[in-house]
Amino acid sequence: MSVKIADTAEQSDNPVKVVFIGGLGRSGTTLLERLLGQLPGVMPLGEITHLWERDLLGNEMCACGATFSYCEFWQRIGAAAFGSWDSVDVERLGALKATIDRTRHIPALAAKRIAPAQHQLVREYVSYFEKVYQAAAADTNARVVVDSSKHASLAYCLRWSPNIDLRVLHVVRDSRGVAYSWTKQVRRPESPTGDQMTRYSPAKAAMLWNAQNAAFSLLARRGVPVRRVRYERIIQRPRKVIASLARFCDLDLVESDLNFIGDGWADLGPSHSAAGNPMRFTVGRIPIRPDEAWTDDMPDGTRRMVSTLTRPLLGRYGYLNEETLVPEPKEVTAGE
Ligand SMILES: [Zn+2]
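Numbering of residues starts from 1 in every chain and runs along the sequence as written. The model is predicted, so local features are restricted to residues of pLDDT at least 70 and side-chain atom pairs to those at 80 or more, both for listing and for counting; the totals for chains, interfaces and linings are taken over all residues.

## Re the overall build of the protein
The condition that has to hold: Each helix is a run of DSSP H or I of at least 4 residues and each strand a run of E of at least 2, with the numbering of both proceeding from the N terminus. Our radius of gyration looks at C-alpha atoms and nothing else; its globule reference is 2.2 Å times the residue count to the power 0.38. Whether a residue is buried, exposed or partly exposed is read from the other C-beta atoms within 10 Å of its own C-beta, which are placed from the backbone; 20 or more gives buried, 12 or fewer gives exposed, and intermediate counts give partly exposed. Distance between backbone-placed C-beta atoms decides contact: two residues are in contact if it is within 7 Å.
For the protein, the helix and strand inventory stands at 16 helices and 10 strands. Taking 20 Å as the expected radius of gyration for a compact globule of 336 residues, we find that the protein reaches 19 Å, a close match to that expectation. With respect to the three principal axes, the spread of C-alpha positions in the protein is 55 × 50 × 45 Å. Here the protein, with 336 residues, has 42% of them falling under the buried criterion. Across the protein, the fraction of contacts at a sequence separation of at least 24, relative to all contacts at a separation of at least 6, is 78%.

Structure follows, in structure tokens:
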């Protein structure tokens, strides 16, 4: 006996629409969340995968500037979803996460059938996320909520929920730029203890880049609507890309809804994005320009190593052609 995905699908009359932003960190996922979050009908929630530890336990700062326990929005969500955040068993959630929401469990989650015992664990785990999404959508009258948790393994878990109408935006960025970014020191302003963000060696970043990106390609082949979008393309043509992604997310926009994006800038309003990159605290006009420091500052040997380790997908995403100035092949990329 095993459970098929079809057994669980279409049970809910009114699934909550969730846009999941995926990809390896330092690929521009926070910028994309910020831009999408300016659209009417869209409620950006931040990286819900980190909500439990960092906010429920760590009481870190919401993007609105209040600590989590003082943010009125998140306190309403906790009350609506769970009665109170105190009712959430964070330890149980952590144990479930370790059991199912890990990159190494993706092959099992990607299968057409899973064992009933495992299915039960996935449903229990995902129910916490469902409740947050549903409460946030109801509270704000949003058409879609955005979870920018990034990790492919969580998207694979969410796919098993009949209460979620899942769409995935898969953000890719040149692996050399990503690897370079992971070597830099960045402080986490929301952390009361002044922690630094995690750093990875270029080789480790390259391997993670391969694993995360390959996982999202497989997810698309499993029937989940996945749209791949290149970070560099967002920077070049932000208006066009956001308009295209809005259509993918079933949002009806009028031209003026995109007026917050100009030539090389965007105007960002406040949000309640709960956990994630420090960029979520920025409000007001931000420049939108390429971050190409790696092209000058990355040592040649490191660059060659990362290119070699990530070559198959770099080629598939069109990054190698740009180096040799061969015209980019037509690919399914947002904004095309
Ligand atoms: Zn807030």
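That covers the picture; the talk isn't over yet.
## Here's the deal with the sheet that holds strand 2 (residues 16-22)
Applicable threshold: Pairs of strands are assigned from DSSP output, requiring at least two bridges between the strands. Axis lines are fitted through C-alpha atoms, for helices just across the contact stretch, and the angle between N-to-C directions can take any value from 0 to 180 degrees.
A sheet is described by the order of its strands in space; here 5 strands give the open sequence 3-5-2-6-7, paired in parallel fashion. Looking at the sheet topology across the chains shown, the edges are occupied by strand 3 (42-46) and strand 7 (226-230). Strand after strand, the sheet turns through a mean of 25 degrees between neighbouring axes, direction not considered. Together, strand 2, strand 3, strand 5 (144-150) and strand 6 (164-172) form the strand contacts of helix 2 (residues 29-36), whose direction differs from that of strand 5 by roughly 170 degrees. Against the sheet, helix 12 (residues 238-248) touches strand 6 and strand 7, its axis set at about 175 degrees to strand 7.

## Concerning the pairing of strand 2
With respect to burial, strand 2 is a largely interior element, 7 of its 7 residues being buried. Residues V16, V18, F20 and G22 point to one face of strand 2 and K17, V19 and I21 to the other, with burial holding for every one of them. Strand direction decides the pairing type here: strand 2 and strand 6, joined by 7 bridges, are parallel. Its bridge partner being in strand 6, I21 is matched across the sheet by L169.

## Some details on the environment of Y133
With respect to the helices and strands, Y133 occurs in helix 7 (residues 116-140). Classification of Y133 by C-beta neighbours within 10 Å gives buried; the count is 28. Note: C-alpha distance between Y133 and I48 (85 residues apart in sequence) is 9.4 Å. Setting aside residues up to four positions removed in sequence, Y133 forms contacts with V16, V18, V145 and I164.

## Looking at the nonpolar core
The line we're drawing: Only buried residues count toward a nonpolar core: Ala, Val, Leu, Ile, Met, Phe, Trp, Tyr and Cys, linked into one set through C-beta atoms within 7 Å.
With 74 residues, the main nonpolar core has V18, V132, V145, V146, C157 and L158 as its most contacted residues. Among the elements that take part in this core, helix 7 stands out by supplying 9 residues, more than any other. Residues in contact with V145, not counting those within four places in the same chain, are V16, V18, M43, L45, Y133, A136 and A137. In terms of nonpolar packing, the next biggest core, distinct from the first, is built from 9 residues, L24, Y180, W182 and V306 among them.

## Observations regarding helix 10 (residues 202-221)
For the record, the criterion: The span one expects for a helix is its residue count, reduced by one, times 1.5 Å.
Given a rise of 1.5 Å per residue, 20 residues ought to cover 28 Å, and the 29 Å separating the end C-alpha atoms of helix 10 matches this to within 8%. Of all the positions in helix 10, only P202, A205, A206, W209, Q212, N213, A215, F216 and L219 are classed as buried. G223 lies just past helix 10 and shows a positive phi near 95 degrees.

## A closer look at unusual backbone geometry
A positive phi is found at R26, a non-glycine position, where the angle reads about 70 degrees. In this structure, R26 sits in the loop between strand 2 and helix 2. Residue R26 is classed as buried on the basis of its 23 C-beta neighbours within 10 Å.

## Section: the sheet that holds strand 10 (residues 284-287)
Taken in spatial order, the 3 strands line up as 8-9-10 in an open sheet, and their pairing is antiparallel. Either end of the sheet is taken by a strand with one partner, and the two such strands are strand 8 (261-262) and strand 10. Strand direction decides the pairing type here: strand 8 and strand 9 (residues 265-268), joined by 2 bridges, are antiparallel. In the strand pairing of strand 9, I261 is matched with A266.

## A word on the packing of helix 4 (residues 72-82) against helix 7
Selection rule: Throughout, the term roughly parallel applies to angles under 35 degrees, roughly antiparallel to angles over 145, roughly perpendicular to angles from 65 to 115, and oblique to all others. Less than a right angle of anticlockwise turn of the near helix away from the far helix marks a crossing as left-handed, whereas a clockwise turn marks it as right-handed. Following the grouping adopted for this structure description, the nonpolar residues are Ala, Val, Leu, Ile, Met, Phe, Trp, Tyr, Cys and Pro, the charged ones are Asp, Glu, Lys and Arg, and the polar ones are all others, Gly among them.
Taken N-terminus to C-terminus, the directions of helix 4 and helix 7 make an angle of 120 degrees; their axes are 9 Å apart at the nearest point. Here helix 4 is positioned oblique relative to helix 7, judged by the angle of their axes. The element helix 4 and its partner helix 7 pack so that their crossing is right-handed. Here R76, I77, A80, A81 and F82 of helix 4 lie close against helix 7, whose contacting residues are K131, V132, A135, A136, A138 and D139. When grouped by side-chain class, the residues that make up the contact of helix 4 with helix 7 number 8 nonpolar, no polar and 3 charged.

## Things to note about the confidence of the model for the protein
So the rule is basically this: Every residue carries a pLDDT, the predictor's confidence in it, which falls somewhere between 0 and 100.
Averaged over the protein, the pLDDT score is 91; the fraction of residues at 70 or greater is 91%. Taken together, the stretch residues 324-336 has pLDDT below 50 and engages in 23 contacts with residues farther than four places along the chain or on a different chain.

## Side note on the environment of K112
Within the secondary structure, K112 is located in the loop between helix 6 (106-110) and strand 4 (113-114). Since 11 C-beta atoms lie within 10 Å of it, K112 is described here as exposed. In this structure the C-alpha to C-alpha distance between K112 and K4, which are 108 residues apart in sequence, comes to 5.8 Å. With residues near it in sequence (within four places) discarded, K112 still touches K4 and I5.

## Some thoughts on the packing of helix 5 (residues 90-100) against helix 7
Orientation of helix 5 relative to helix 7, taken along the N-to-C sense of each, is 130 degrees, at an axis distance of 10 Å. In terms of axis orientation, helix 5 runs oblique to helix 7. Crossing of helix 5 over helix 7 shows left-handed handedness. Between helix 5, through L93, L96, K97, T99 and I100, and helix 7, the contact on the second element is made entirely by L121, V122, E124, Y125 and Y128.

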